[in-house]
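A look at the structure
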Amino acid sequence: MNLVTVRRLSGDNGADSDSWVAVRNLCCRTGNNGDAIAPERWELFSRIWVEPYEKIIPQWTYLAESGDVVVGYLTGCPDSPAFYRMKRWQVTFPLIMAIAGGQYRRVPGGREFVRHALGLGKSPERRFTPALRRVLARDYPAHLHVNVAAGYRQRGIGRLLIQRYFADLRRQRIAGVHLFCGARPLAFYRRIGLRTLDSVELPGGPVFVLGARL
C-alpha cells in the first residue's frame, strides 16, 4: 500500500486544477454523512461546499494522497467572518442568480440553498445563539471541513490532515478553530482535542459545534 502524504495547495487561483476536480469528486462521494450523494446533485453540491475555498482561499486546503490518488482533503479558513463576507459576493450571490435563472431547476437542495442564503430559513449553523456565534468569531475564528474516502478511513488520515492544518494555524497565531458536525464523527473530533461548545436538536438529528483553542 502506498504511503499517504499530506500536501497544501497553492494560493494561486487557477493552479492545482486537477486537484480541485478531485476535491469536488470526493466531496460528493462523502457528502451524505460519509456516503455518496445522488449523482444529479454533484455539480450544485460541490459549488456550495468546495467552490468558496477554491476561489477565495485555495492555500488553506490540504490533500491526503496515496500515490497520485486523492484519498482525503481538508478545506479550512483562518478568519471565518472575513471569509463569509467574501463568500457572499464571490460565490453565494452568483449562485443565487444562476438558480433564479433556471439553472439547477430540478436539483434537490437548490431552493433550500436560496432560502437560507436570503435569510428566509435558518441553516443548522444559524440555529445557534448570536452569543455563541460571537464567541466563535472571537475565540475560535478558524474553521474546517474534512472528508476521507470510504476505503481509507480508520487509518489516521483525518488526524494527519487536521494536525497539519492546526500547525499552520498556530504559525499564524490564530486563537482557535471550530467546526459543526452531526453525531457520527463526534468521537473522532473529541479524540483529537476538540470539545463540545453547544448543540441543537434538529429533525434530522443533533448538530454539534466543537472548538479547540490553539
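It should be noted that the structure appears before, not after, this text.
None of these values were measured; they are calculated from a predicted model. (Residues numbered from 1 in each chain as written. Predicted model: local features only at pLDDT ≥ 70, side-chain atom pairs only at ≥ 80, totals over all residues. Heavy atoms only, no water.)

The tally for this structure, following the rule as stated, stands at nine aromatic pairs. Seen in terms of ring centroids, Phe45 and Trp49 are 6.3 Å apart; in terms of plane orientation they differ by 45°. Their pairing is tilted. Of this pair, Phe45 and Trp49 both sit in helix 2 (residues 42–49), four residues apart, which is roughly one turn of that helix. Each residue in the set Trp60, Tyr62, Tyr165 and Phe166 is aromatic and connected to the rest through ring pairs, giving one cluster. A cation over an aromatic ring shows up here: Arg8 above the ring of Trp60, its NZ or CZ 4.2 Å from the ring centre. When the ring centre of Tyr140 is taken as origin, the NZ or CZ atom of Arg213, which lies over that ring, is 5.7 Å away. (Phe/Tyr/Trp six-rings, centres within 6.5 Å; stacked < 30°, edge-to-face > 60°. Helix = DSSP H or I, 4+ residues; strand = E, 2+ residues; numbered from the N terminus. Lys NZ or Arg CZ within 6 Å of the ring centre and 35° of its normal.)

One can find Thr75 in strand 3 (residues 69–77). Residue classification places Thr75 among the buried positions, given a relative accessible area of 1%. Each residue touching Thr75, except ones within four places of it in the same chain, is listed here: Tyr53, Trp60, Thr61, His143, Leu144 and His145. (Buried < 20%, exposed > 50% of the residue type's maximum accessible area, 1.4 Å probe, protein only. Contact = heavy atoms within 4.5 Å.)

A cluster of like positive charges, contributed by Arg85, Arg88, Lys122, Arg126 and Arg127, occupies part of the molecular surface. Position of Arg85 relative to the elements: it lies in helix 4 (residues 80–100). (Patch = residues over 30% accessible without salt bridge, like charges linked within 9 Å, V, L, I, M, F, W, Y side chains within 5 Å. Areas by Shrake-Rupley, 256 points an atom, 1.4 Å probe, with all protein chains shown as cover. Salt bridge = Lys/Arg side-chain N within 4 Å of Asp/Glu carboxyl O. Lys, Arg positive; Asp, Glu negative; His and termini not counted. Charge placed at Lys NZ, Arg CZ, Asp CG, Glu CD.)

On to helix 5 (residues 110–117). By the burial criterion, the buried members of helix 5 are Gly110, Phe113 and Val114. Within helix 5, the buried residues cover an arc of 95° as seen down the axis, which keeps them to one side. Positive phi shows up at Gly119, right after helix 5, with a value of about 75°. (Arc of directions from axis to C-beta.)

Moving on, we get to the side chain of His143. Within the secondary structure, His143 is located in strand 4 (residues 142–148). Its relative accessible area of 2% is what places His143 among the buried residues. Within the structure, the side chain of His143 is placed 2.7 Å from the side chain of Tyr53, a separation counted as a polar contact. (Polar contact = N/O pair within 3.5 Å; in protein donor to acceptor, adjacent residues only side chain to side chain.)

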